[in-house]
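# Residue-level structure breakdown
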Amino acid sequence: MAAFLAGCAFAQREEPHDYDLQNVDWHISYDAEARTIHGDVTNAVVLKDAESQSLWFDCGPLSIHRVAVNGVEAGYHWENNRLTVTFPKKERSGQRLAVEIDYDGSPTAGVYFVSAAHAYPASTGAVYTQGEAEDNRYWLPTYDFPDDKATVEGSIDVPPGQFALSNGKLVGIDKKPTAWTYHWRIAEPISTYLISFVAGDYAEGKETLGKLPVLWYVPRGTEAWGAAAFAGTNKMIDLYDHLTGFKYPFEKFSQSAVPDFMFGGMENASCVTQTIHALHKPENEPLANSEGLVAHELAHQWFGDTVTCMDWSHAWLNEGFATFLPNFWFRSTRGQAEYDADRYNIFQAAIMSQEMTKRPVVSNRYEVPMDLFDGQIYDGGAARLFTLMYQLGEKTFWGGVKDYLEEYKFKDATTEDFFKVMSRVSGRDLDKFRDEFFYRSDVPRYRVSREGSNVVIRQAGPGYDLDLTLSLLGRDAIEKEMPAHIHGAETIIHAPGLEQDPAVLDYPVTAMVGIAYDGASSDRDFMRVYRFAPNAAAKLAALDRFKGIATDDDLLLIAREETSAPVLRALLGRLSRNAVPFLIQVSRGLDRETANAAVSALNRFADDPGVKTRLTEIWAGDPNEMLRNNALQGLLQTAKDDTVARGAWMIDSQDDMFRASALHWWAEHDPSTARAKCLEALAGPPDEPLKLSAIAILDGLKDAPGEHVVFDVLMRLAREPSFGSRLAAVRDLADYGDPKAIDVIEPLTKSSLFFISREAAAAIQELQRK
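This text gives an overview of the structure that appears in the document. (Residues numbered from 1 in each chain as written. Predicted model: local features only at pLDDT ≥ 70, side-chain atom pairs only at ≥ 80, totals over all residues. Heavy atoms only, no water.)

### A few points about the pattern of salt bridges
Going by this rule: We define a salt bridge as a contact between a side-chain nitrogen of Lys or Arg and a carboxyl oxygen of Asp or Glu at a distance within 4 Å. Strands here are runs of E lasting at least two residues and helices are runs of H or I lasting at least four, both read from the DSSP assignment and numbered beginning at the N terminus. When accessible area is computed with a 1.4 Å probe and restricted to protein chains, residues below 20% of their type maximum are described as buried, those above 50% as exposed, and intermediate ones as partly exposed.
By the definition in use, this model includes 43 salt bridges. The salt bridge involving Asp58 is made with Arg137; its shortest N-O contact spans 3.6 Å. Within this pair, whereas Asp58 is found in strand E3 (residues 51–58), its partner Arg137 is found in the loop between strand E10 (126–129) and strand E11 (149–158), the two being separated by 79 residues in sequence. For Asp58, a relative accessible area of 2% translates into the label buried. A salt bridge links Asp501 to Arg528; its shortest N-O distance comes to 2.9 Å. Remark: Arg528 occurs in helix H12 (residues 523–531) and Asp501 occurs in the loop between strand E27 (490–494) and strand E28 (503–505); sequence separation between them is 27 residues. Classification of Asp501 as buried rests on a relative accessible area of 16%. Note on Arg528: relative accessible area 17%, which makes it buried. Through salt bridges with shared partners, one network takes in Asp58, Glu134, Arg137 and Asp144.

### Description of the sheet that holds strand E1 (residues 19–31)
What counts here: Should DSSP find at least two bridges between two strands, the strands are taken to pair.
In spatial order, the strands read E5-E4-E8-E2-E1-E11-E14-E13; together these eight strands make up an open sheet with mixed pairing. Looking at the sheet topology across the chains shown, the edges are occupied by strand E5 (72–73) and strand E13 (169–175). As paired elements, E13 and strand E14 (residues 180–191) share six bridges and run antiparallel to each other. Its bridge partner lying in E14, Ile173 is registered against Tyr182.

### Notes on the sheet that holds strand E15 (residues 197–200)
Formally: Convention adopted: a line fitted to C-alpha atoms gives each axis, helices being fitted over their contacting stretch, and angles between N-to-C directions are expressed from 0 to 180 degrees.
Taking strand neighbours across the sheet as the criterion, the four strands line up as E9-E10-E15-E12 in an open arrangement whose pairing is antiparallel. Each having just a single partner strand, strand E9 (111–114) and strand E12 (163–166) make up the two edges of the open sheet. The sheet shows a mean angle of 10° between the axes of neighbouring strands, taken without regard to direction.

Here is the structure:
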C-alpha cells in the first residue's frame, strides 16, 4: 500500500488543473467524406488558485481559430496535446470563467467516420465518438481525465433526415434546409470521457420503465436485429434499481449500434455505444445473444458513470462492478445454477489473469490507461466483489453498495473510499481484506491435507485471512460443516471420526481461492464430492479437481443424471467416444445452448458414421445458423475434398460465418484456393466480417512465388481509414516480412489512436529485424 501511494504520480496528472470544470457546451459539424470536423466548445470553470493568469485544457492536434474568456479574445498556445489559454487579466480564486474555443481538424482518434463499405449488416455509414480512456481530447478541447465532472450540452449538425444521439435529454431539433441540429443536455455531472455522439441514418426502438424512456437506435433496415439485441433492457434497469437500492439516475437510457467499433460496448452516460455485431437475427437466439453485453454496459450507468474512478488505477471500480452485476440479472432470468456456474468461471478467469499479469488490481504502472483494461479489472474485480459479498453476507454487502452510491453519486471515488463505506456499514475493519486482495500481486492459495484427526490448511508467504467453511463428507451425505478461519502459514481444524473420508474447503465456492489437496484421490472420492456438491459451482470445481481421475464411465453416468444445464454443458466436453449415442441424443434437445455444447463435443468424433450423419442433418436443415456453423466445423474436419466448403461458400449467414469457415478449411487444405477466395472477398461488395476473416487468413498464406498480389492488397488495406481492416493489415504486413511496407506503416506510428500507433511501431520493429 505504501509503495502504491509513493508511486501515484504515475496515475495522476503531472500537475493540477487548478480549476473546477462546471459545464461543457459543445457544437460539432462534420464532413463525413472529407473526415473533418468543425466545432466550438465553451468550458465553464471556477478557478481554484488565489490568482491566475492562465489555464489549460487537453486538446489533440486540432487547428485552433479563436479563444475567448468571458467573451474577450484571449491568447493561447498549443503544444503536446495541451492548449494553454492566457487570460486578458489576472483572475482570482472563485471566479467563474467561460472559455470559448473555436476549432477544426481531421482527427485520427476520438471521432470516427465509417463508410457503408465497413458497416455490415447496415447499408449506410455512421459517425461516432469514443472517449475512453483519454481520446475525447482529439475532437473536443476540454479537461480529459476522470477526476473532474461537469454538466454537458451537445449540439450536432447532421444531413437533413438523419439522426444524432448524445448524452441526456433531447432539448430540440433545429431543422434547416442544409442541416438538422440535434441539441442534447445532461443535467447530472459526468466525467468528460463519457461525452459521446453517434450520427447517421438510424431507426428508433422504444420501451419504458415507468416514465423513463428506454431507447435503442440501429441503422435503418436492421430494426428486427436491433430488437433482438436490445428489447427487454427496461427489465434489467428495474432489477438493478432494486438490487443496488439506487434508482437509475439519468433522464433516459439509450443504446446505439455502430460499425467498425474497437470495443464490444462503451458506457457513455445515458447513451451507451454498442458494436454493430451485437445485432443478430432473432432466429439465431439464444446462441446469438447480446444480454451479457447489454447488462455490462447498463451496470456502468451506476458504476463508472454515477460514481467514477478517481483515476485509472482504480478502474476496477468501474469494470469490476460492471462484470459483477450481470450475474444477478442472469440469476433472476436463468436460475441459481447458471449464477453459481458463472461465479465459478469468473473465479477461475480471475486467478488465471492474476498469474498472467503479475500485478495488483489497483495499479499505477502503465504506459497508457488502456493497458489496465484486461482481466485484472474485469473478472479480477468481479471475483473480489463476490469474495467480499460472501464474507459480509449478501444483505450487508448490498446495503454497503447503496450507501457507497448515495455518498459518491456524481462524484469520483477510490478503492479506499469504497472500503471506507463498506467497513462502516458492515461494522468490520476491511483494511486487511482491501490490502490483500487489491494491492498484492497474487491470489490466496491453500493446500489441504488430512493428518490424523486434523485437517491442516497451509499457505505460503504472508498469506490471506478468510472465513470459509470446511465440509467433511460421509458415505451418503455431507457429514459435518465446520467454520475455518484461515490465517497465517498453517490453520489446524480438529475433525475426528472421518479421517478416511474427503474434506472439502469452501465447498459452495464463495471465494477467489486456489485450493489443492494432498493425498491420493480415487474415482470413488470424485463420485462422492460431485454428488454431494451443494451447487453447480461445487460440481464444476469437482470436475477440475478430479480431472484425470474420474473415469469415462463415471463421467457418462453423471452426465446422464445431471439436471443442471450449465454443469451438463461442461460435462459434455469431457466425455469420451463411448458417449457418442448420448451426445447425439442431447444434440436433439430443446435447450439450444446445451444442444450446441453437444455438437461441439460430437465434433471431436466426427469420423464416427453416426456422428457424421447427425452433423449433416444439422448443417442441412437446422434453423439456427450458429448451430449449423458448429456442425459445419465437424464436417470440415473430416472432409476429403472441398465439396462441403464449396457448399458453405454459396450460403449467406449472419456475419458470413459459413464462408469464413470455408476459408479456414481451404487455408489448411488448399492454400492456392484460399488465397484466391480471400482476394475475391477483399475485392468484392461490402462485407466487413468476411473481409476481416480473409485478412486474418492471408496472414499465413502470403503470395504465390513471383507474385505480389497479396502484398499489394495488404498495402492498400493498411492505407484505409477503417479501424478493423487497417489494424489487421498492419499485423499481416509485419508477418509478411517485406521491408517495403515500412513506408506505409511508419506514418501510422504517429496516429493519435494508440491501438494503431502501438501496432504500427511493433510492425516496424519486426520488419527491421527481418
